[in-house]
Amino acid sequence: MLLDTLIRRGPGPQTEFMLQPDRQRLAETLVAFANADGGTIVIGLAPDGSVADRLLADEMENALGLALTVCRPPVRTEWEQMETSKGMVVAIRVPRSTELHSLADGRVLIRSGVKNRPLGGEMIRQLAATKSTGDYEIETVPGASPDALDPEVIAEYIAKREERQQRPVRKPPEQLLQLMGALDAKGQPTVVGLLLFGRDPQSFLTQSGLVFVRFAGTESRGPEGLPGYGRREEIRGPLARLLEQTWQVIWEEMRVEAVVRGLQREERTEYPRFALREALVNAVCHRDYRLRGRRIEVRMFDDRLEVTSPGGLPGYITLDNIVEEHFSRNPRLVSGLFQWGYIEELGLGIDRMIEDMVQAGHPAPTFRATPYSFTVILQNVRQRHVIPRWEMHMNERQIRALQYLQEYGRITNSDYRELCPNISAETARLDLADLVDKGVLLKIGDKRGTHYILK
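Quick caveat: nothing in here was measured; it's all calculated off a predicted structure.

## Observations concerning the overall build of the protein chain
Stage number 1. Per the secondary structure count, the protein chain includes 15 helices and 18 strands.
Stage number 2. When each of the 455 residues of the protein chain is scored for burial, the buried share is 50%.

## Here we look at the nonpolar core
When a protein is soluble and globular, its nonpolar side chains tend to lie buried together.
Stage number 1. Counting 77 residues, the largest nonpolar core has Phe197, Tyr316 and Trp340 as its most contacted members.
Stage number 2. Examining the composition of this core, we find that eight residues originate from one element, helix 9 (residues 273–286), more than from any other.
Stage number 3. Ala27, Ile41, Leu64 and Val90 belong to the second-largest nonpolar core, a separate cluster that totals 20 residues.

## Thoughts on helix 3 (residues 57–69)
Stage number 1. If you check helix 3, its first and last C-alpha atoms are 19 Å apart, about what 13 residues at 1.5 Å a residue would give, namely 18 Å.
Stage number 2. When we look at burial in helix 3, the residues that qualify are Met60, Ala63, Leu64 and Ala67. An end-on view of helix 3 places all buried positions within 100° of arc, on one side of the element.
Stage number 3. Elements that come into contact with the buried residues of helix 3 comprise helix 2 (23–35), strand 2 (39–43), strand 3 (71–72), strand 4 (78–84) and strand 5 (87–94).

## Let's talk about the sheet that holds strand 10 (residues 229–235)
Working definition: the strands of a sheet are paired by backbone hydrogen bonds and lie parallel or antiparallel to each other.
Stage number 1. In space, the six strands of this open sheet follow the order 10-9-13-14-16-15, with mixed pairing throughout. In this open sheet, the two edge strands, each paired with only one partner strand, are strand 10 and strand 15 (366–370). On average, each strand axis in the sheet is inclined to that of its neighbour by 15°, with strand direction left out of account.
Stage number 2. Note that strand 9 (residues 210–215) and strand 13 (residues 296–300) share five bridges and pair parallel. Residue pairing in the sheet places Val211 in a bridge with Glu297 of strand 13.
Stage number 3. With respect to the sheet, helix 8 (residues 239–253) is in contact with strand 9, strand 10, strand 13 and strand 14 (304–310), its orientation differing from that of strand 10 by roughly 165°.

## Looking at the sheet that holds strand 4
Stage number 1. A sheet is described by the order of its strands in space; here four strands give the open sequence 1-2-5-4, paired in mixed fashion. Among the strands making up the open sheet, the edge pair consists of strand 1 (15–18) and strand 4. Strand-to-strand twist in this sheet, taken as the mean axis angle between neighbours without regard to direction, amounts to 25°.
Stage number 2. When strand 2 meets strand 5, the two strands line up antiparallel, connected through five bridges. Considered in strand 5, the bridge of Thr40 is made with Arg93.

## Here's the deal with the pairing of strand 14
Stage number 1. For strand 14, the tally of buried residues reaches seven of seven residues, placing the bulk of the element in the interior.
Stage number 2. Going residue by residue along strand 14, you find Arg304, Glu306, Thr308 and Pro310 tucked away on one face and Leu305, Val307 and Ser309 tucked away on the opposite face as well.
Stage number 3. Judged from the four bridges that link them, strand 13 and strand 14 form a sheet pairing that is antiparallel. By the bridge assignment for strand 14, Glu297 is matched with Thr308.
Stage number 4. Taking the residues that link successive antiparallel strands as the turn, the strand 13-strand 14 hairpin has three residues.
Stage number 5. The pairing of strand 14 with strand 16 (residues 373–379) spans seven bridges and is antiparallel.

## Looking at the pairing of strand 7 (residues 109–112)
Stage number 1. The side-chain alternation of strand 7 yields two buried faces, one formed by Leu109 and Arg111 and the other by Ile110 and Ser112.
Stage number 2. Hairpin remark: strand 7 followed by strand 8 (residues 115–118), antiparallel, with two residues in the connecting loop; positive phi at Gly113, about 65°.

## Description of the pattern of salt bridges
Stage number 1. This model, assessed by the stated rule, comprises 31 salt bridges.
Stage number 2. In this structure, the salt-bridge partner of Arg236 is Asp200, at a minimum N-O distance of 3.0 Å. Placement of Arg236 in the loop between strand 10 and helix 8 and of Asp200 in the loop between helix 7 (191–197) and strand 9 is noted, with a sequence separation of 36 residues between them.
Stage number 3. Assessed through its relative accessible area of 44%, Arg236 is described here as partly exposed.
Stage number 4. The class for Asp200 is partly exposed, based on a relative accessible area of 29%.
Stage number 5. Across the pair Glu355 and Arg410 runs a salt bridge, and its minimum N-O distance is 3.4 Å. Taken as a pair, Glu355 in helix 11 (residues 349–359) and Arg410 in the loop between helix 13 (396–408) and helix 14 (413–419) lie far apart in primary sequence, 55 residues in all.
Stage number 6. For Arg410, a relative accessible area of 36% gives the class partly exposed.

## Description of helix 8
Stage number 1. For helix 8, spanning 15 residues, the distance from its first C-alpha to its last is 21 Å, which sits close to the expected 21 Å at 1.5 Å a residue.
Stage number 2. Every buried residue belonging to helix 8 is among Leu239, Ala240, Leu242, Leu243, Thr246, Val249 and Ile250, and all of these are buried.

## Here we look at the confidence of the model for the protein chain
Low pLDDT means the predicted atomic positions in that stretch should not be read closely.
Stage number 1. Mean pLDDT over the protein chain: 86, with 90% of residues reaching 70 or higher.
Stage number 2. Averaged pLDDT values over the elements of the protein chain bottom out at 44 in helix 12 (residues 389–392) and peak at 97 in helix 7.

## Some details on the environment of Leu119
Stage number 1. Within the secondary structure layout, Leu119 lies in the loop between strand 8 and helix 4 (121–131).
Stage number 2. With relative accessibility at 10%, the residue Leu119 sits in the buried group.
Stage number 3. As a C-alpha pair, Leu119 and Leu109 span 10 residues in sequence and 5.8 Å in three-dimensional space.
Stage number 4. Setting aside anything within four residues of it in sequence, one finds Leu119 in contact with Val108, Ile110, Ile124, Leu127 and Tyr316.

## Observations regarding the packing of aromatic side chains
Stage number 1. The tally for this structure, following the rule as stated, stands at nine aromatic pairs.
Stage number 2. A ring pair is formed by Tyr157 and Trp340, whose centres lie 5.4 Å apart and whose planes are at 70°; its orientation type is edge-to-face. Taken together, the residues span a long stretch of sequence, with Tyr157 in helix 5 (residues 151–165) and Trp340 in helix 10 (residues 331–340) at a distance of 183 residues. Trp340 shares its class with Tyr157; the two are buried.
Stage number 3. On the basis of an interplanar angle of 65° and a centroid distance of 6.1 Å, the ring pair of Trp340 and Tyr342 is categorised as edge-to-face.

Quick notes on the rules
- Residues numbered from 1 in each chain as written.
- Predicted model: local features only at pLDDT ≥ 70, side-chain atom pairs only at ≥ 80, totals over all residues.
- Heavy atoms only, no water.
- Helix = DSSP H or I, 4+ residues; strand = E, 2+ residues; numbered from the N terminus.
- Buried < 20%, exposed > 50% of the residue type's maximum accessible area, 1.4 Å probe, protein only.
- Core = buried A, V, L, I, M, F, W, Y, C linked by side-chain atoms within 4.5 Å.
- Expected span 1.5 Å × (residues − 1).
- Arc of directions from axis to C-beta.
- Contact = heavy atoms within 4.5 Å.
- Pairing = 2+ DSSP bridges.
- Axes fitted to C-alpha atoms, helices over the stretch in contact; angles between N-to-C directions.
- Salt bridge = Lys/Arg side-chain N within 4 Å of Asp/Glu carboxyl O.
- pLDDT = per-residue confidence, 0-100.
- Phe/Tyr/Trp six-rings, centres within 6.5 Å; stacked < 30°, edge-to-face > 60°.

Now the structure itself:
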């Protein structure tokens, strides 16, 4: 990622800024990035964009060396000096690690938003179990030769990547594929290479396909126990084609209604586009491709749509923290689809999926997790929200907040304080938290990105 892009986005799940090299903070961030999805630490740059007056490479290298001595095992890093419009900085790149890393004092940290968060015992065990599986993505596939990759699909990917980055890809295709992990050092296709660019990945990885079933009614069985489906499609191809074809099939089956707003006629789909696409992309990105014998399943009923991917929740992710936390089981696959344009912003999809469903008048998505599968359920029942004020005992400020939400769809703490200028930030937080506890509002995001929507 370009340095200018890192600076523009600011600190986040894969970016940290440090005006001066601090050994302790550096060590914590190295471990947190290595345990999560990797990241870049920019030394000499403050969160507000200011650059250090004087940054010595020797000083930075010494701090990095000292930080690495307290990482168990040592974290792999690469660093280089980079010139910005404001001065010189140093970028330290930390790849995601297949090992579990801790600090010398025993703490295991992961990157959570803009913070390095320590993990507890059970989450450490979950993360260790995920790490111990090794890097399945870059394993070569027996019987697959370079001819198994489709040059047209590779060319499409490169064009989309150039469009997204707004600069040309100057590396030869083979070198680019090796850097992505799609080819090994000998030029042989890997698992991620076949999944992204294969002519027919399912001939080597039979589990990588998708099954779509449209049921008549709300149950999977028809009268007298007979199959209740009216359409069944088995979808194959590299993952980009898999997503496109599945979207097309769902679109053909999805109801569309006309809504008149003023003098304008709008078409409203049965499910919000982003929420539906995010459920599909998440299933493709985060399924466990080591599990054979089962494909992704999309089941469409009259009242709901279920997307099930094989494999339980990855790493330290649970149903309780799935909105706030992010961990990729297949980071190279996620990166490839991000550069392709199928993922809009890494780590933010669940938040927006919930928000889009609720704003469209549907219940928030529900999630079902087992040790070997994960299911997203989107319901298409539009609900009119009725607030029993006499039961809730809302104050006047909270009523004004709900009126604001009905008009604008979302509210932040600062929005609330503009509505009620005579209250403190803490009073605003308590009012909004009270509405969350009463089941009226849904809290989305964390820290500065926190906002609320009607539940």
